[in-house]
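# Structural features, examined
So you can see what is in the structure, the chains are spelled out below.
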Amino acid sequence: PQHSNQDIPEPISTPTEATANALSTAASPTPTPAKDTFGVTLRFTQMLVKKLPEIVDGNPVKMAVGLAKAIIVIKDAVKDNMDVVERRIASIGAQLTILEKLSTDRSSRGAEQETMYQYKRTLEDALEDLRRLNNECLARKVADHEDEKSRIAAIFERANEARIQFDLATSTRVAKIVYTIQENVRLSLFDRLNPSRIADHKYQLVGQTREVLRRAVCTPGTRVYILRNITIWANDTSSESEEIYWLFGPAGSGKSTIAYTIARRFELTADVDDTIVLGGNFLCSRQFGETRYETAIVRTLVYHLALKCKAFADALCRSGKFESVYSNVRTQLEDLLVVPWRDSCSTDPSSRRRYLVVIDALDEIEQQGGSTFLRDLLDVINQNSLPGLKFFVTSRPDPDLVKDIESFNRKQTFRLQDVVMEEVQADIEKYLEASLPHFKGHSIMKSLLGFASGLFICAATIVRHLTPTRPKLQRAEQERFLRKLFPDTGTPQSPQLPPNAAHLLDTLYVQILSDAFSNLGSEDFCTRIQMLHTFLSTTEPVSASTAAKLVCDNSNETDTSFPFTEVADDVLSQLHAVLYTDADKRILSYHKSFSDFIFDQHRSNKYWCHSEVHHRRLTESCFRVMTGGLRFNIANIPTSFILDSDNDELRSQVAQNIPPVLSYCSRNWSHHLSNTTSTTPDPLVNTLADFLRLRALFWIEAMNLLDARGMCDPMLRAARIWVSKLPGHSALAQQYAEGASFALYFSGSPASSSTPHLYLSSLATWTRKLEPCQTWKTYFPRIPRFATNGANQSFPLMSLEMGSDVYAVACSGDGRWIASGSDNGLVRVWDMSTGKVQSVLEGHTSWVSSVAFSSDGTRIVSGSWDQSVRVWDVSTGKVQSVLEGHTSGVTSVAFSSDGTRIVSGSHDQSVRVWDVSTGKVQSVLEGHTDLVTSVAFSSDGTRIVSGSGDQSVRVWDVSTGKVQSVLEGHTDWVTSVAFSSDGTRIVSGSWDQSVRVWDVSTGKVQSVLEGHTSWVDSVAFSSDGTRIVSGSHDQSVRVWDVSTGKVQSVLEGHTEGVTSVAFSSDGTRIVSGSGDQSVRVWDVSTGKVQSVLEGHTDGVTSVAFSSDGTRIVSGSGDQSVRVWDVSTGKVQSVLEGHTEGVTSVAFSSDGTRIVSGSHDQSVRVWDVSTGKVQSVLEGHTSGVTSVAFSSDGTRIVSGLWDQSVRVWDVSTGKVQSVLEGHTEGVTSVAFSSDGTRIVSGSWDQSVRVWDVSTGKVQSVLEGHTSGVTSVAFSSDGTRIVSGSHDQSVRVWDVSTGKVQSVLEGHTSGVTSVAFLSDGTRIVSGSWDQSVRVWDVSTGKVQSVLEGHTSGVTSVAFSSDGTRIVSGSGDQSVRVWDVSTGKVQSVLEGHTDGVSSVAFSSDGARIVSGSGDQSVQISHLQLGPYAAQENWTDSDCLNISTGWLLSSNGENHVMFVPPSANLLLPPCILVLSNSPSSCVLLDNAALGSQWHECYSPVSACVESA
């Protein structure tokens, strides 16, 4: 129960009167010690009894607290004058104070609370006894103090027993809590450090793992000297003792056994005299993934050490740098070992213990990782004091490792090859006798010992061969093998210096192989040797089953009489002494020496594996397996609407349908191909051509399902390189390059997140009409139809969205990574094959202006406006060093080719050269008189080139720091410079919009490359020096031919200036960064040089459909008339001749001719089929405002600003009549349907009707009070409608010339009017932003169509009268339902006001012209099918992800790259220079029907 503060008695701060008297009495002298003791004891008991009335309470907790406080006060008063019983009473009473905390502790739960309640109940009973004792004392008035004392003592004794039980329970719980905390810490460290379990000597090896490693201590009595030597070194505490002991020796000399023995010696069987314990160990082995990489060593050692040393563990946790486990070795050593160790030593130096760290077989670490680790370890020990740590390391005498260890002074080394032969032989003899005891003392043992000749690997391999798990060899069988190995058993070899180890191993391996393959026919021998070669030649370890399927062909695989898998198992069993399988049943060799033996013809003879020949065989096998296994929709994906990650059944389907052998072949065929030497002719060419025909597309699908899509592009490019070496196959090589580009287009796209969209999105939107993609499409008739229009019809292969402006890009030398620098101070590293971010490098505090890779791709250097240069480790994303010294922003950085130096340029006008290893500046190159914008090294590292705002390019001698030459010629800032790979040329880009190529030897300009329309920001050479790429503020990337100085291609698509460009190392890709916050990857070979712009270059003023709806004519302020094919969106012809803007265009009714009027005072008639002008109708004295054909096409009418209307004879081009009478400019003209009359409207406020045959005015229709803007006849010719700037619409009777009705309601000028085809209604548009529909018979408005947010410029009825289209200055086109007056659709896309709209004759399409220079066509019957998926950027702008979603937003319909500028239906075409695209899904197989998009028979075959 909980108690409030008022339940607890006030603390006793002063003694009571009785207590004071007791103290006074205690102070007076007493005659004897006994009496003194008795008196004091009496006083203590009396005091306690007298206090009971004040303490006794119904609340036991309150009473316990009061009693405890009273005892403390009394105890303080009488001090030490208490006997044993009283001291016990006082002690127990004082302990009751714990209840005060327990009673108010809300955190007590469960067992702890129950224990407290039990203790409380005991106290309640004890205190009840005290209460009774108090009552008895009050009744007797005189206390029997001795009796009371003993009773009180008994009461407190019971309380004490309860306290002891309470203490025991509490202590047990505390111990459990402490253990739990320690265990949690251990688990936390394990999770955060991710150590290797197998690398620990304590790891219990079982099953196949035990067969692989066979860890064992040295056989007793062996290696005595070396073990003692190591033990003495480890226990040596003197300051002269070395920190490192390096044991090295050749393969098979027993290093690992010694290391294992030492590790166990100092952890499990330590002597009492040892001064050191095992702190950590890592036993390297290439057999397991977690023991073959150097990055696992440090984190494992640190984990072990943290478990042994609490101070280190605490310091490690305090440091909090556990993310360093993903860093390189140097960073791990610094963050996880050095800093926490030094911290732990400084925290408690007095309790410092000494720890031994054992690292075995560094040479087993992959890709020279052992050398890297050792070098970093030595550097760290050299630079940092690590008191209390010693390192024992073993390895082979690898030259790199030897070089590193020899450079270190404080080390002790031991060469096993220096051990006298007799000692080694004695050790091996003991090992053999322990392993083969039945041969002890036998002559065979002596021969075996002589054969081993000091190599433990020989002895161990023989033992493995003689002691297989099953079947167990009998002694006779073992002897038979040994006699074959060394037949002269009667003459044991005497100990001597060991012969060549390879020779001994060769003899042994030959015998093992001979036993395995003896008594076999040539065919069986060939099969088994191929199986063995396959075990050793695969790119990655494979199972026996997979190897069998690679060796066999289809005919034999189904032949049950020849089971290849059993053959593979038999080969593995026969060669158990040299081969084994891991936990996943993959086959590996025990020792690299066996593989070396098999691949050396002189050593292995008939067992030799001809590597190139076998790789060819494996290449053929891979294509055979893929031909039989790959198919469309291999994982039976049920719908295209979901992402792969949301498909719960996908993983099991992939495992079921892509077996291991197909997975292996799909991921590794190019490796085997690349290791195959081509022949002429080469049958693989046909295999490769057949694969590319269609199977390659299914292969990309499978690779995506295997999460290996990033390998597709490099694998196909590797095949291109292989094919390109064959004469006469350049076309196939180009097709593989095209296939690689498509693979990258898919793998780097969000479409790859849903495998069906390889076909439905990536293949559908791939616009290049090249093989093999062109043929692939013929097999997929029901993928979405995709079309592009405008200046740029090719998209980047990949677009990476940054979210911030990009200032710098770079490619790694191996083509794997892209680095980018942005205005947010971040450097990002991207996977070039998938577009995924590998790491984000944080540290700069201002925008990153430049990035570059080291030539080996392991480091990145970045320069920033924060005045620093930073060097980063690519693998970890951590900064290696910060180079400081510039006094203003750094603009450019570059590595020397050997990676030892960095050059940087700065706004401070200097160029600095830095030593990468030290981070110190080597030299400062001064001479520029303005900021340095760009720097680069020559390939040999002897020269530096720099560009500057002082308009010059300077070449510097690195060794002297002096300028060699100054290249002048640019007329504005030089922004970018680069050397060609051979160092003979320099390219520079400038704000003067030019790119210049310079001859380094002469300093003269070789060529000036012009074409950019704004300043050039970045330039680069291709690796072969034949091409230059440039990026400009004009938003384009241009590729130039160095030899000719001509532009090869223009890559357009960026929407802001291009800030940085770079070639990939093979020259096939270009990477560009832009202020539009994107990085784009382009195929160099695909950019088009745009010679003619198809679209208008000024606002479109007038548009019209041909009567059959197949063509559109448009007129523009750019002086041209263009005819467009509606089905393709392509320009059919550009009708040029006008010398000023075109104001009005129209088709003849038969569609063969076009008439156009212009501000140049002419009317031109064009032949649609040829695009040629038929006649120029001249005679106007001012600009033409309106033109129209008569219905029979024989005449043309034109209205002019010169106040006249002219009628022309189309056949002769002559004017038939000039209709004069208007007193101001004519704005609109039209023929009656029978062609007998013309109506014209004018700014003179009148409408005039003319007789065509006589040229006389029939009537002047007056009434408008401002200029007439638009006129039209009804279809029967009996009425005319006119709209005026006076805000009214008027309907006129043609026969009488009288106004029938004045339609009022508009609140601003009327711009456009039209009759419905039956003449019953009129539509009008106005600057008041409304469209109005009028009933002709009543003159009443039927509906007001509102929605436009700017003036309406053009209106028209559909032919059936059910819809109205209107165009507006608000940039939109609206379609209205006439019956309801509701808007049916809003057609958006124009970026300027709409000037003209029209329906096609069938009413299904609308054409609109705009001041944005475009003509847009919309198909109303399509309707919107999907919505674009968007995300919101930091500026709260909606950015398209590229995904089209179903109308409910739940299904992924299709992915279209945002750079395609997709038009969403109903808009289907935009006719302009700006790029755009559209998608039609009317015939597409989507969702659960997506598999129907594929047809096994090509459409080309079907049509044939």
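Structure shown above.
Note that the structure is predicted; figures quoted are calculated from it, not measured.

So, how was this worked out
Residues numbered from 1 in each chain as written. Predicted model: local features only at pLDDT ≥ 70, side-chain atom pairs only at ≥ 80, totals over all residues. Heavy atoms only, no water. Pairing = 2+ DSSP bridges. Helix = DSSP H or I, 4+ residues; strand = E, 2+ residues; numbered from the N terminus. Axes fitted to C-alpha atoms, helices over the stretch in contact; angles between N-to-C directions. Salt bridge = Lys/Arg side-chain N within 4 Å of Asp/Glu carboxyl O. Buried < 20%, exposed > 50% of the residue type's maximum accessible area, 1.4 Å probe, protein only. Contact = heavy atoms within 4.5 Å. Phe/Tyr/Trp six-rings, centres within 6.5 Å; stacked < 30°, edge-to-face > 60°.

This part covers the sheet that holds strand S48 (residues 1215–1219). Read across the sheet, four strands follow the order S45-S46-S47-S48 without closing on themselves; strand pairing throughout is antiparallel. Looking at the sheet topology across the chains shown, the edges are occupied by strand S45 (1184–1189) and S48. Strand-to-strand twist across the sheet, computed as the mean angle between neighbouring axes with direction ignored, equals 15 degrees. In terms of strand pairing, strand S46 (residues 1195–1200) meets strand S47 (residues 1205–1209) through five bridges, oriented antiparallel. Note on S47: the bridge partner recorded for Ser1198 is Arg1206.

Our next topic: the pattern of salt bridges. Opposite charge on two side chains allows them to pair when their charged atoms are near. Tallied over the full model, the rule gives 23 salt bridges. Of the charged contacts in the structure, one is a salt bridge between Lys202 and Asp200, with a shortest N-O distance of 3.0 Å. On the accessibility criterion, Lys202 (41% relative accessible area) is partly exposed. Between Asp707 and Arg709 there is a salt bridge, with its nearest N and O atoms 3.6 Å apart. Where salt bridges share partners, they join Asp200, Lys202, Glu267 and Lys308 into one cluster.

Another aspect to go through is the environment of Thr413. Looking at the secondary structure, you find Thr413 in strand S5 (residues 411–415). C-alpha of Thr413 to C-alpha of Phe248: the two residues are 165 residues apart in sequence and 7.7 Å apart in space. Setting aside its immediate chain neighbours within four residues, Thr413 contacts Trp246 and Phe248.

Below, the discussion takes up the sheet that holds strand S19 (residues 901–906). Pairing is antiparallel across the open sheet formed by four strands, whose spatial order is S18-S19-S20-S21. Both outer strands of the open sheet, strand S18 (890–895) and strand S21 (921–926), are each paired with one neighbouring strand and no more. Averaged over neighbouring strand pairs, the angle between their axes works out to 20 degrees when direction is ignored.

Here we come to the packing of aromatic side chains. The final tally for this structure, using the stated rule, is 33 aromatic pairs. Here Tyr509 and Phe597 contribute two aromatic rings whose centre-to-centre distance is 5.5 Å and whose plane-to-plane angle is 50 degrees, an arrangement assigned as tilted. In this pair, Tyr509 is assigned in helix H20 (residues 501–517) and Phe597 in helix H25 (residues 592–598), connecting sequence segments 88 residues apart. Like Tyr509, the residue Phe597 is buried in the burial classification. Aromatic pair Phe632 and Tyr1494: ring centres 4.8 Å apart, planes at 35 degrees, arrangement tilted.

Most of strand S49 (residues 1226–1231) is tucked away, with six of its six residues classed as buried. Examined bridge by bridge, S49 and strand S50 (residues 1237–1242) share five bridges and lie antiparallel to one another. Note on S50: the bridge partner recorded for Ser1228 is Gly1241. Linking S49 back to S50 in an antiparallel pair, the connection comprises five residues, with Gly1235 at a positive phi of about 75 degrees.

Another aspect to go through is the pairing of strand S54 (residues 1279–1284). Counted residue by residue, S54 has six buried out of six residues, so it is predominantly covered. Across the two faces of S54 the burial is the same, with Arg1279, Val1281 and Gly1283 and Ile1280, Ser1282 and Ser1284 all buried. Where strand S53 (residues 1268–1273) lies against S54, five bridges are found, and the strand directions are antiparallel. Considered in S54, the bridge of Val1268 is made with Ser1284. A loop of five residues connects S53 with S54, the two strands running antiparallel in sequence, and Gly1277 in this loop sits at a positive phi of about 75 degrees. With five bridges joining them, S54 and strand S55 (residues 1289–1293) adopt antiparallel strand pairing. Bridged to Arg1279 within S55 is Asp1293. Hairpin connection, S54 to S55: the antiparallel pair is bridged by four residues, and Gln1287 has positive phi, about 80 degrees.

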